[in-house]
Amino acid sequence: LLTHLLFSPRFNWSELTPLGLWGRTLGLQTENSQFLLEGMPFRIFGGSMHYFRVPREYWEDRMLKMRACGLNTLTTYVPWNLHEKERGKFDFSKNLDLRAFLSLAAKNGLWVILRPGPYICSEWDLGGLPSWLLQDPEMQLRTTYKGFTEAVDAYFDRLMRVVVPLQASTILYKKGGPIIAVQVENEYGSYAKDPNYMTYVKMALLNRGIVELLMTSDNKNGLSFGLVEGALATVNFQKLEPGLLKYLDTVQKDQPKMVMEYWTGWFDNWGGPHYVFDADEMVNTVASILKTGASINLYMFHGGTNFGFMSGALEADEYKSDVTSYDYDAVLTEAGDYTSKFFKLRQLFSMVIGQPLPLPPMIESKASYGAILLHQYISLWDVLPALLQPIKSEFPVNMENLHLNDSIGQPYGYVLYETVIFGGGHLHTRDHVRDRAQVFVNTMYVGELDYNTVELSIPEGQQGFRQLRLLVENRGRVNYGLALNEQRKGLIGDIFLNKTPLRNFKIYSLEMKPAFMKSLQHVSGWSTVPDYFVGPAFFRGRLWIEQQPQDTFLKLQASPGCSWSSFLKKLGWEKGVVFVNGQNLGRYWKIGPQETLYLPGPWLRRGGNEIVIFEERTAGRIIQSVDIPYLGRSQYVD
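Residues numbered from 1 in each chain as written. Predicted model: local features only at pLDDT ≥ 70, side-chain atom pairs only at ≥ 80, totals over all residues. Heavy atoms only, no water.

Under an unreviewed UniProt entry, the name given to the protein chain is Beta-galactosidase, and the organism recorded is Prunella himalayana. One UniProt comment on the protein chain, placed under Sequence similarities (unreviewed entry), says "Belongs to the glycosyl hydrolase 35 family." Quoted verbatim from the Catalytic activity (unreviewed entry) field of UniProt, the annotation for the protein chain is "Hydrolysis of terminal non-reducing beta-D-galactose residues in beta-D-galactosides." (UniProt positions renumbered as here; feature names shortened; annotations may be inferred.)

Below is the structure:
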């Protein structure tokens, strides 16, 4: 396939590694349309991997696979909404230990391009911005609005304490660090609401000690709108249109060309197909890019998983939320296994480098633990009085403005709104449901409301009051586009019954944080699961493991032709969330495309492992642990 490609001169970077260059002072520079690293010609062969999407125990394995593929640079975003979940309380521990992640990259011979945002897009809830920013009704995200910049300043003050000592040209330490470049914001040319904003972000970095090369990142249409003086412009794409790389010369002269995001695949939305991108087309495009002398970053090299409630959404013609898997049809699979793309790219990069590459690490075997019985359940209605104290409000309150979590609101999960009605009639949302509500009268299911369904008929009952309940799910905030300021969730305005706005609510927060899930284990009222049960409810079972735990995949839906297909479909599992040993694996939904949830081996233990499922509607009795993922019906990216 690639024998017709000639790369001259070859680029052997084997000695240009973080641990191989001592006493660095120059870092990465640009000169005469090429990169220089400590004064020596350098090309960036990069790959994206996000520490927050990969279990910490697997960071090094993925880095070794990067090196074995021929890459010399790792790029990662930094998610503000994980590091500062509550305003002023920062977390850089465990799987969010950015210092450990960057140091591990250096140990394994990888330079780093850091993309600290504050906005990161990345198919991540609100593009990585904390939802508590939206408590301010006047908030203008990604602008120089005072309420936004004050929050960014406080965050960068803390973040840069981690980042600054790990820069490549820092001489406070004997060997410096791996960071050779830092990106200013992310794809701002596609937003471009404030001409002063990019300068603000640049100065926020420089004033806190960033000395490495600065870069911007945009698609072709946004390129000229996302520039900032003093930063190298780079471009993002999947298909190499004629003249696309030369277009960079129109916005900056005599600078090296860099593709910051070469999209190796694509992401999936609930209700759509599983997108794949042809491996041969991908590697031929990469080869064409390299032949021009450009540097490249593969987005993604390894996608990982949107664990928990962190997946984002799109809102173009309609709202579409992203699936839990961030497999992305990338170079490595969601679980870190090799694909044909890996070996084709390895062959290509070895030709460019002209030196033997490290051997690829052995892959970890996956386990199929078989059928798991969910033997007990407890209805949500029984959980409410035992574990949750309602907030009382005359008016509906959106999630972000609930007085919870030291007054930063509720960022993720579900909210139950409960009020009293004295009859039936016509219920209308005025498009105030974000994003999806199940409607109950007492405990009787009436229907669903969302962006497309904004009205329901509430049946008349016997005389007297009844409880009207709306269980509202935040399916993920939009992460890209011009609607970021409108991403408040829950009930964002009045709901009307017979043209009269409903009042006097009890509001229950169902964020399903670890403390809540732990308390759930000990609440009384768990019962044996009947043959048929309609949620919402929690279900629990136990997975027993005799040997060293391995990665597996939990299957809640049956694929066509599966021997369990008709049996599992009869049993149900419609929509909900799965927890294993307190870890939130993410959402499942029968509309697909994703049918398995990735369960990393390090999150399991020998002996008993507790599985809890929150099912919104139709419950099952059994889930399957399988050794092969099923991400849905495939469709090639156009």
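Still more to cover.
Caption draft 1: Representation of the overall build of the protein chain in the model. When helices and strands are counted, the protein chain shows 11 helices and 36 strands. Taking 638 residues into account, the globule formula puts the C-alpha radius of gyration at 26 Å, and the protein chain, at 25 Å, falls close to it. Its C-alpha atoms give the protein chain principal-axis dimensions of roughly 85 × 55 × 45 Å. Scored against the burial criterion, the 638 residues of the protein chain give a buried share of 62%. Within the protein chain, counting contacts between residues at least 6 apart in sequence, those at least 24 apart form 79% of the total. For the protein chain, the accessible area works out to roughly 24700 Å², and carbon and sulfur atoms hold 51% of it. Placing the 63 positive and 65 negative side-chain charges of the protein chain at their respective mean positions leaves the two points 3 Å apart. (Helix = DSSP H or I, 4+ residues; strand = E, 2+ residues; numbered from the N terminus. Rg over C-alpha atoms; globule rule 2.2 N^0.38 Å. Buried < 20%, exposed > 50% of the residue type's maximum accessible area, 1.4 Å probe, protein only. Contact = heavy atoms within 4.5 Å. Areas by Shrake-Rupley, 256 points an atom, 1.4 Å probe, with all protein chains shown as cover. Lys, Arg positive; Asp, Glu negative; His and termini not counted. Charge placed at Lys NZ, Arg CZ, Asp CG, Glu CD.)

Caption draft 2: Fine view of the packing of aromatic side chains. Using the criterion set out here, one finds 39 aromatic pairs in the structure. Centroid distance tyrosine 51 to phenylalanine 52: 5.3 Å. Interplanar angle 90 degrees. Geometry classified as edge-to-face. Each ring, one from phenylalanine 539 and one from tryptophan 573, has its centre 5.5 Å from the other, and the planes form 80 degrees; the classification is edge-to-face. Linking phenylalanine 539 in strand E29 (residues 537-545) with tryptophan 573 in the loop between helix H11 (565-571) and strand E31 (575-580), this pair joins segments that are 34 residues apart in sequence. There is no split in this pair, since phenylalanine 539 and tryptophan 573 are both buried. Counting every residue linked through ring pairs, the aromatic cluster contains Trp80, Trp132, Phe148, Tyr155, Phe156, Tyr188, Tyr191, Tyr197 and Tyr200. Just above the ring of tyrosine 445 sits the side chain of arginine 617; from NZ or CZ to the centre is 3.6 Å. (Phe/Tyr/Trp six-rings, centres within 6.5 Å; stacked < 30°, edge-to-face > 60°. Lys NZ or Arg CZ within 6 Å of the ring centre and 35° of its normal.)

Caption draft 3: Quick peek at the side chain of histidine 83. Mapped onto the elements of the fold, histidine 83 is located in helix H2 (residues 80-83). A distance of 2.7 Å separates the side chain of histidine 83 from the side chain of tyrosine 51, its partner in a polar contact. Setting aside anything within four residues of it in sequence, one finds histidine 83 in contact with Tyr51, Val78, Lys89, Phe90, Asp91, Phe92, Leu96 and Tyr155. (Polar contact = N/O pair within 3.5 Å; in protein donor to acceptor, adjacent residues only side chain to side chain.)

Caption draft 4: Expanded view of the packing of helix H7 (residues 279-291) against helix H8 (residues 340-353). Contact geometry of H7 with H8 gives a least axis separation of 9 Å together with a crossing angle of 20 degrees. Taken together, the axes of H7 and H8 lie roughly parallel to each other. Two packed elements cross with a definite hand, and for H7 against H8 that hand is right-handed. Judged by residue contacts, Ala279, Asp280, Met282, Val283, Val286, Ala287 and Leu290 of H7 engage Ser340, Lys341, Lys344, Leu345, Leu348, Phe349 and Val352 from H8. For the contact of H7 with H8, the residue count by class is 10 nonpolar, 1 polar and 3 charged. (Axes fitted to C-alpha atoms, helices over the stretch in contact; angles between N-to-C directions. Parallel < 35°, antiparallel > 145°, perpendicular 65-115°, else oblique. Left-handed = near helix turned anticlockwise from the far one by under 90°. Nonpolar A, V, L, I, M, F, W, Y, C, P; charged D, E, K, R; others polar.)

Caption draft 5: The pairing of strand E15 (residues 370-379), seen in detail. Of the strand pairs in this sheet, E15 and strand E35 (residues 622-626) are connected by 4 bridges, and their pairing is antiparallel. Bridging from a neighbouring strand, isoleucine 372 pairs with isoleucine 623 of E35. Where E15 lies against E29, 5 bridges are found, and the strand directions are antiparallel. Within the sheet, the bridge partner assigned to tyrosine 377 lies in E29 and is phenylalanine 539. Strand direction decides the pairing type here: E15 and strand E28 (residues 527-528), joined by 2 bridges, are antiparallel. (Pairing = 2+ DSSP bridges.)

Caption draft 6: The arrangement of the UniProt feature "active site" (unreviewed entry) in the protein chain in detail. Within this numbering scheme, the UniProt entry marks Glu187 and Glu261 as carrying the feature "active site" (unreviewed entry). In sequence the annotated residues extend across 75 residues, while in space they remain close, none of their C-alpha pairs exceeding 10.6 Å. Considering the arrangement of structural elements, one finds glutamate 187 in the loop between strand E7 (179-183) and helix H5 (197-206). Beyond its immediate sequence surroundings of up to four residues, glutamate 187 is in contact with Cys121, Arg142, Ser217, Asp218, Asn236, Glu261 and Tyr480. Take glutamate 261: it is sitting in strand E10 (residues 258-263). Its relative accessible area of 4% is what places glutamate 261 among the buried residues. Once you skip the residues sitting within four places of it in the chain, glutamate 261 turns out to touch Tyr77, Arg115, Asn186, Glu187, Ser217, Val235, Asn236, Phe237, Asn297 and Tyr299. A distance of 2.9 Å separates the side chain of glutamate 261 from the side chain of tyrosine 77, its partner in a polar contact.

Caption draft 7: Inspection of helix H3 (residues 98-107) at higher detail. The complete set of buried residues in H3 reads Leu98, Phe101, Leu102, Leu104, Ala105 and Ala106. Where H3 ends, the next residue or the one after it, glycine 109, has phi of about 80 degrees, a positive value.

Caption draft 8: Structural view of the pattern of salt bridges. According to the stated counting rule, one finds 29 salt bridges in the structure shown. Measuring nitrogen to oxygen at the nearest pair gives 2.5 Å for the salt bridge that ties lysine 89 to aspartate 406. Pair noted here: lysine 89 is in the loop between H2 and H3 and aspartate 406 is in the loop between strand E16 (391-393) and strand E17 (414-421), with a separation of 317 residues, a long-range link. Judged by its relative accessible area of 57%, aspartate 406 falls in the exposed class. Several salt bridges share partner residues, and in doing so they unite Arg436, Glu448, Glu473, Lys575, Arg587 and Glu616 into one network. (Salt bridge = Lys/Arg side-chain N within 4 Å of Asp/Glu carboxyl O.)

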